[in-house]
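Understanding the architecture of this molecule
Each chain is listed here by its residues.
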Amino acid sequence: MSLATLTPEWDDDERMEFMFSAFKENRDVNTTDWDSKMAFWTALVLKSCRQRGSVYVSLQELNMIFRRKEKSPLGLPTVLQSLARCGKIQKESEFAASVDCGWLSWGVGLLLVKPLKWTFSTLLGGSRVPPEEPFVVIELVKEKAAEVLGAYRSSDLGGSSVLSFAELSSVCSGVCADESTLCMALLQLQRDKQVTVSLHDGEKVVKFCQHGQDRVSPVSDVDVGIYQLQRSEKLLGERVERLELDAHKCKEEAKMLLREGKKSQALRCLRGRKRVEKRAENLLAKVESIREILDRIAQSQTDKMVIQAYQAGVSALKLSLKDVTVERAENLVDQIQELCDAQDDVNQTLSRGVAGAEGDMDELEEELKLLLDETKPDSISLLPEVPSGAVKHPGGTGLLDSLPDAPHGPIGICEQLKQLSVTDADWQQ
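Report follows, based on the coordinates. (Residues numbered from 1 in each chain as written. Predicted model: local features only at pLDDT ≥ 70, side-chain atom pairs only at ≥ 80, totals over all residues. Heavy atoms only, no water.)

Points about helix 8 (residues 138-153)
- Taking 1.5 Å per residue, 16 residues should reach 22 Å; helix 8 reaches 23 Å between its end C-alpha atoms and fits that length.
- Buried within helix 8 we find Ile138, Leu140, Val141, Lys144, Ala145, Val148, Leu149, Ala151 and Tyr152. (Helix = DSSP H or I, 4+ residues; strand = E, 2+ residues; numbered from the N terminus. Expected span 1.5 Å × (residues − 1). Buried < 20%, exposed > 50% of the residue type's maximum accessible area, 1.4 Å probe, protein only.)

Right, here's the structure in full:
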């Protein structure tokens, strides 16, 4: 692991000389230097653990990881003590004991009660940290627990609420570096009520909280029965696969014996193949029976959920209709009908008023039109009558005498004048 990738200050000799020095006995001597050095090593410890995928730290391991130019940091014991006082790290046994889960009953020998020398020295104010004492980083344990839960839900076994510890270890092989890390993650999940771990016939069984549930329920007899059926289905399926392979080998061996001319031996191989296939068929029938039972159990659980939902719905409906009666509903309907009738009466009244106003407006428009016709002057009737004979100009030129008979009225005369193109010069003549 390259520490230069964790902090750019690692190659700065002057800066690292200060960081590798021991802490002052009294923080108040130089608060700034103390706090900056503590923040530097705290962040570096967390980064190194994440890079290694581990949730454990120990003084011995940190001295080896942070060794630089044949020197180890002198202040790491102080750093670990400070992290322990802040609750950021805990001893493995203390962390497990803080979870009310009976961890001693399902522990795999990884959670061991350490000597109490470090505990007594801490209580008495001592500063010595045993180099080999492992500590659990609480922040990293929580992160690892979330990763384990995500790996389980995204796996093929995510539909099974109960798994064996071996199956879970296989699912989380890419998440947890070792079995102890998985145990710490399970302890955190059990503390969060997302997992419960129990022993069944000497085998650890892990039950996960399912979607839609706030917390996991204890492992019941139904859970154990489902787990046993699923385990039997898996074992029988593996046995069927082996029998199918044996039948295939018998067939290939019979072909080879026939090519060699060993007919009797080939027949024996074929008889053996028939026996193997029959056993496989019997096991397949049992597997199908187990699957049918599992389907029925799943269906019954679904029915149970539906019944519970119905019960909840009935209870909610009763509460919502607690103050509702038929008489009250009929009274409300009558009141609504009365209000609707009153609104219809108001609308009819308003409609009659608008219609009468429109009728009055039509009469007024008609009267106004008659008045306009009476007061309009008849310009055509006021004009003098046009003589029927020839019209002569008083000057005596006789120009108008040549006009043909024009239609009555001044408009007809004007039209005839236009046709003759009478100009001002003609009139002057």
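Section: the packing of helix 11 (residues 221-259) against helix 12 (residues 263-320)
- In contact at an axis separation of 8 Å, helix 11 and helix 12 are set at 160° when each is read in the N-to-C sense. Taken as axis vectors, helix 11 and helix 12 run roughly antiparallel relative to one another. Considering how the two elements wind past one another, helix 11 and helix 12 form a crossing that is left-handed.
- Split by residue class, the contact of helix 11 with helix 12 holds 23 nonpolar, six polar and 11 charged. (Axes fitted to C-alpha atoms, helices over the stretch in contact; angles between N-to-C directions. Parallel < 35°, antiparallel > 145°, perpendicular 65-115°, else oblique. Left-handed = near helix turned anticlockwise from the far one by under 90°. Nonpolar A, V, L, I, M, F, W, Y, C, P; charged D, E, K, R; others polar.)

Quick word on the side chain of Ser48
- Here Ser48 lies in helix 2 (residues 31-52).
- Reaching out from Ser48, the side chain makes a polar contact with the backbone oxygen of Val45 at a distance of 2.8 Å. (Polar contact = N/O pair within 3.5 Å; in protein donor to acceptor, adjacent residues only side chain to side chain.)

Looking at the pairing of strand 5 (residues 195-200)
- Where strand 5 and strand 6 (residues 203-208) come together, six bridges link them in antiparallel fashion. Looking at strand 6, one finds that Ser198 is bridged to Val205.
- Connecting strand 5 to the next strand, strand 6, in antiparallel fashion are two residues, including Asp201 with a positive phi near 55°. (Pairing = 2+ DSSP bridges.)

So, the state of the cysteines
- On inspection of all chains with the given rule, the structure shows zero disulfides.
- Sulfur of Cys172: no disulfide; nearest cysteine sulfur belongs to Cys176 and is 5.4 Å away.
- Cys172 gets classed as buried once you look at its relative accessible area, which sits at 1%.
- In this structure Cys183 is not part of a disulfide, and its nearest cysteine sulfur, from Cys176, lies 9.2 Å away. (Disulfide = S-S within 2.5 Å.)

A closer look at the environment of Arg67
- For Arg67, the position within the fold is in the loop between helix 3 (59-65) and helix 4 (76-85).
- Residues within four places of Arg67 in sequence aside, it is in contact with Trp10 and Ser72.
- A polar side-chain atom of Arg67 sits 3.0 Å from a polar atom in the side chain of Ser72. (Contact = heavy atoms within 4.5 Å.)

Quick notes on a positive patch on the surface
- Positive charge collects at one region of the surface, where Arg239, Arg242, Arg279 and Lys286 lie side by side.
- Where the positive patch is concerned, the elements lending two or more residues are helix 11 and helix 12.
- Judged by its relative accessible area of 52%, Arg279 falls in the exposed class. (Patch = residues over 30% accessible without salt bridge, like charges linked within 9 Å, V, L, I, M, F, W, Y side chains within 5 Å. Areas by Shrake-Rupley, 256 points an atom, 1.4 Å probe, with all protein chains shown as cover. Salt bridge = Lys/Arg side-chain N within 4 Å of Asp/Glu carboxyl O. Lys, Arg positive; Asp, Glu negative; His and termini not counted. Charge placed at Lys NZ, Arg CZ, Asp CG, Glu CD.)

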